[in-house]
Amino acid sequence: CAHAVRVTMEKLPGVESATVKLNEGRAVLALRPENTLTLGQIRESVRRNGFTPREARVTATAEIVSGNALRLRVTGTRDEYDARGTPALEQQIRAAGSRPIIVDGTISVGSDPRDPLVLQVTSVKPVTR
């Protein structure tokens, strides 16, 4: 039931609120700033509730781990993703250098767990303090 899944998701550390729409196969989580919850932890919670995780739409603060391969680490976690996007978006990411950025995008569920996860970037903006 959607209520049970929502309550379970809201108990995850760092979750501010959760909305679950079972008929759409979608859960929307609002996370607290500075949380350290990982996509892996969220997907494991989905599995424990008897569902199969699918694509994740994310907005995250990240920093470049490697410029050549365009690999990003989500701030406050060890989660790293290969970043892909239009040439203009990839240039924006590279231009950030060592400064943190906010990225929007999607992360698909890989068919092989050993494959690196790819963040398909749809927008990039600087972190404003």
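Residues numbered from 1 in each chain as written. Predicted model: local features only at pLDDT ≥ 70, side-chain atom pairs only at ≥ 80, totals over all residues. Heavy atoms only, no water.

Trainee: Before we move on, could you go through the side chain of T77 and cite the residues and values that matter?
Mentor: With respect to the helices and strands, the residue T77 is situated in the loop between strand 4 (71–74) and strand 5 (80–84). Given the relative accessible area of 11%, T77 is considered buried. One polar contact links the side chain of T77 to the main-chain carbonyl oxygen of V74, over a distance of 2.9 Å. Filtering out sequence-adjacent residues up to four positions away, T77 remains in contact with T36, L37 and T38. (Helix = DSSP H or I, 4+ residues; strand = E, 2+ residues; numbered from the N terminus. Buried < 20%, exposed > 50% of the residue type's maximum accessible area, 1.4 Å probe, protein only. Polar contact = N/O pair within 3.5 Å; in protein donor to acceptor, adjacent residues only side chain to side chain. Contact = heavy atoms within 4.5 Å.)

Trainee: Account for helix 3 (residues 87–95), naming residues and giving values.
Mentor: All of the buried residues in helix 3 are L89, E90 and I93. Along the axis of helix 3, the buried positions cluster into a sector of 100 degrees, meaning they face one direction only. Relative to its buried face, helix 3 has exposed residues pointing more than 90 degrees away, namely P87 and A88. Turning to helix 3, the residues buried within the fold contact strand 3 (56–66), strand 4, strand 5, strand 6 (101–107) and strand 7 (118–126). Directly beyond the C-terminal end of helix 3, a positive phi value near 60 degrees is found at G97. (Arc of directions from axis to C-beta.)

Trainee: Describe the sheet that holds strand 3, naming the residues involved and giving the relevant values.
Mentor: A barrel is described by the order of its strands in space; here five strands give the closed sequence 3-4-5-7-6, paired in mixed fashion. On average, each strand axis in the sheet is inclined to that of its neighbour by 55 degrees, with strand direction left out of account. In this sheet, strand 5 lies alongside strand 4 in antiparallel orientation, the contact comprising three bridges. Counterpart to L72 in the pairing with strand 5 is Y81. (Pairing = 2+ DSSP bridges. Axes fitted to C-alpha atoms, helices over the stretch in contact; angles between N-to-C directions.)

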